[in-house]
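The primary structure of each chain is shown beneath.
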Amino acid sequence: MTIFKRLLAAGLGLATAAAATTAFAQTTTLERVKARGELICGNHIALPGFGLQGPDGRWDGLDIDLCRAVAAAIFNDPNKVRFVPTTPQMRFVVVQAGEVDMLARNATYTMSRDTSQGMSWPIINYFDGQGFMVKKALGVTEAKGLNGASICVTQGTTTELNLADFFRSNNLKYEIIGFSTNEEGVKALEAGRCDAFTTDSSGLAAERLKFSKPDDFVILPTLISREPLGPAVKRGDESWVALVKWVHYAMLNAEEFGVTKANLDEMLKSTNPEIKRLLGVEGKFGEGLGLTTDWAYRIVKHVGNYGESFERNVGMGSKLQLKRGLNALASQGGLQYPHPVR
């Protein structure tokens with residue numbers, strides 16, 4: 001092949017690649033999801049209550065429910081989701097690279113993550129705070145009693161940064177023992193390799209369930225940070241941000257109006273105009289999201305409202321037995337505020 005022909009071939013190859021990249025960029029996330037026939041969702045490797053795979057291979061959890069709700073809104077089928085377990089170090093990489101359509105993995109929404117990492121954070125589906133878990137035998141009752149302690153923590157997380165801030169601001173000494181995953185850290189605590197393990201308080205409750213003797217460990221009441229946890233999507237597709245956002249708001253609205261999986265069809269007969277709009281009896285609000293008019297009906301039918309999902313996965317009816325607290329509806333004193341469908 002002559003130099004001219006090689007250059008021509010190379011040029012054609014680059015042009016083809018550029019055209020493919022441009023075509024990919026011009027399609028929306030929703031269009032790609034529909035064409036693929038499934039949603040790809042990044043999730044936790046193994047966190048009870050939020051993202052855990054059972055012996056039968058099925059994934060369950062509060063974050064898992066959010067992914068299933070998005071799939072239900074799009075396909076009328078909550079099972080059209082491919083779950084991709086991600087480590088703390090890789091969770092944002094897969095979002096930035098477009099390898100997942102959304103990440104629902106108890107990730108903290110922070111300023112730097114919102115402004116400089118190429119991601120958008122549609123909503124907060126769990127308000128949390130960072131705490132500590134210790135062996136009861138240590139005799140510590142609050143976080144400031146950990147002066148001089150060895151702390152197990154997952155590296156590359158806001159948890160590690162919050163830990164440093166807390167000990168520095170309180171003029172306390174500590175030894176950090178870092179691990180790549182929560183699982184490694186809690187195993188080290190159970191084995192006595194450190195005095196305490198720190199992560200979000202909900203994560204502490206979940207991880208404690210894995211101990212052979214969970215009653216030997218206590219979660220200290222001190223919270224050292226604010227941890228607004230929610231899904232992340234790749235920046236640049238505002239229509240997809242809106243879709244994920246309104247799936248969550250639909251679940252909140254359903255709870256606010258008492259619409260459940262059990263009474264859903266009966267609620268179609270409601271005279272309440274807000275319920276009629278939510279369930280698609282009046283108006284065509286799904287069209288603005290690229291969905292059908294019954295998009296919210298599909299969510300409640302297959303997944304339930306936010307309260308049902310919370311209770312099933314992390315609430316008092318679950319093994320975690322977490323109170324609603326900040327995650328109660330705003331009308332009940334919490335921070336979960338359902339935006340109006342109108």
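In what follows, the structure referred to is the one given above.
Keep in mind that what you see is a predicted model, and the values were worked out from it rather than measured. (Residues numbered from 1 in each chain as written. Predicted model: local features only at pLDDT ≥ 70, side-chain atom pairs only at ≥ 80, totals over all residues. Heavy atoms only, no water.)

Caption draft 1: Main features of the pairing of strand β10 (residues 174–179). Relative to β10, strand β9 (residues 149–154) runs parallel, the two sharing six bridges. Bridge pairing links V153 to G178 in β10. (Pairing = 2+ DSSP bridges. Helix = DSSP H or I, 4+ residues; strand = E, 2+ residues; numbered from the N terminus.)

Caption draft 2: Main features of helix α9 (residues 238–256). An ideal rise of 1.5 Å per residue puts 27 Å on 19 residues; α9 measures up with 26 Å between its terminal C-alpha atoms. Within the sequence span of α9, burial applies to W240, V241, L243, V244, V247, H248, Y249, A250, M251, L252, N253 and A254. G258 occupies a position one or two residues after α9 and carries a positive phi of about 75 degrees. (Expected span 1.5 Å × (residues − 1). Buried < 20%, exposed > 50% of the residue type's maximum accessible area, 1.4 Å probe, protein only.)

Caption draft 3: Geometry of the side chain of S309. With respect to the helices and strands, S309 occurs in helix α13 (residues 306–313). Overall, the relative accessible area of 1% leaves S309 in the buried class. Leave out the neighbours within four places in its chain, and S309 touches L62, D65 and M251. (Contact = heavy atoms within 4.5 Å.)

Caption draft 4: Fine view of the pattern of salt bridges. Evaluated as defined, the whole model comprises 12 salt bridges. Residue D65 is joined to R312 by a salt bridge in which the shortest nitrogen-to-oxygen separation is 2.6 Å. Placement of the pair is D65 in helix α3 (residues 62–75) and R312 in helix α13, with a sequence separation of 247 residues. Its relative accessible area of 41% is what places R312 among the partly exposed residues. Salt-bridge contacts for E266 lead to K269; the nearest nitrogen and oxygen are separated by 3.7 Å. As far as the burial class goes, E266 and K269 line up, both exposed. Shared partners join several salt bridges into a network, and the residues in it are E183, E207 and K210. (Salt bridge = Lys/Arg side-chain N within 4 Å of Asp/Glu carboxyl O.)

Caption draft 5: Spatial organisation of the sheet that holds β10. Strand order in the open sheet formed by five strands is β10-β9-β11-β8-β12, and the pairing between neighbours is mixed. The two strands at the open ends of the sheet, each matched to only one other strand, are β10 and β12 (217–219). Between one strand axis and the next, the sheet turns by 30 degrees as a mean value, whatever way the strands run. Sheet topology note: the β9/strand β11 (residues 196–200) ladder contains two bridges and is parallel. Paired with I151 across the two strands is A196, which belongs to β11. (Axes fitted to C-alpha atoms, helices over the stretch in contact; angles between N-to-C directions.)

Caption draft 6: Representation of empty space enclosed by the protein in the model. Overall, the coordinates contain three cavities of 30 Å³ or more when judged by the stated rule. If you add up the space inside the largest cavity, you get close to 180 Å³. Lining the largest cavity are 16 residues; nearest its centre among them are R91, R105, T157, N182 and T199. Of all the secondary structure elements, the ones that give two or more residues to the lining of the largest cavity are β5 (102–108), α6 (158–169), α7 (182–190) and β11. No other element matches β5, which puts three residues into the lining of the largest cavity. One number sums up the size of the second largest cavity: a volume of about 50 Å³. As for the second largest cavity, its lining consists of L62, D65, L66, N125, H248, M251, Y306 and S309. Taken together, the elements giving at least two residues each to the lining of the second largest cavity come down to α3, α9 and α13. Take the lining of the second largest cavity: its biggest share by element is three residues, from α3. (1 Å grid on protein atoms, 1.4 Å probe; cavity = no way out; pocket = protein on both sides within 12 Å on 5 of 7 lines; lining within 4 Å. Points joined across faces, edges and corners; volume = space filled by probe spheres on them.)

Caption draft 7: Geometry of the environment of V300. Among the secondary structure elements, V300 is positioned in helix α12 (residues 295–302). Placed 198 residues apart in sequence, V300 and M102 show a C-alpha to C-alpha distance of 20 Å. Not counting the four nearest positions on each side in its chain, V300 is found in contact with A254, V259, T260, K261 and L264.

Caption draft 8: A look at the side chain of N182. Its place among the elements puts N182 in helix α7. Classification of N182 as buried rests on a relative accessible area of 10%. Once you skip the residues sitting within four places of it in the chain, N182 turns out to touch H44, T154, F197, T199 and E207.

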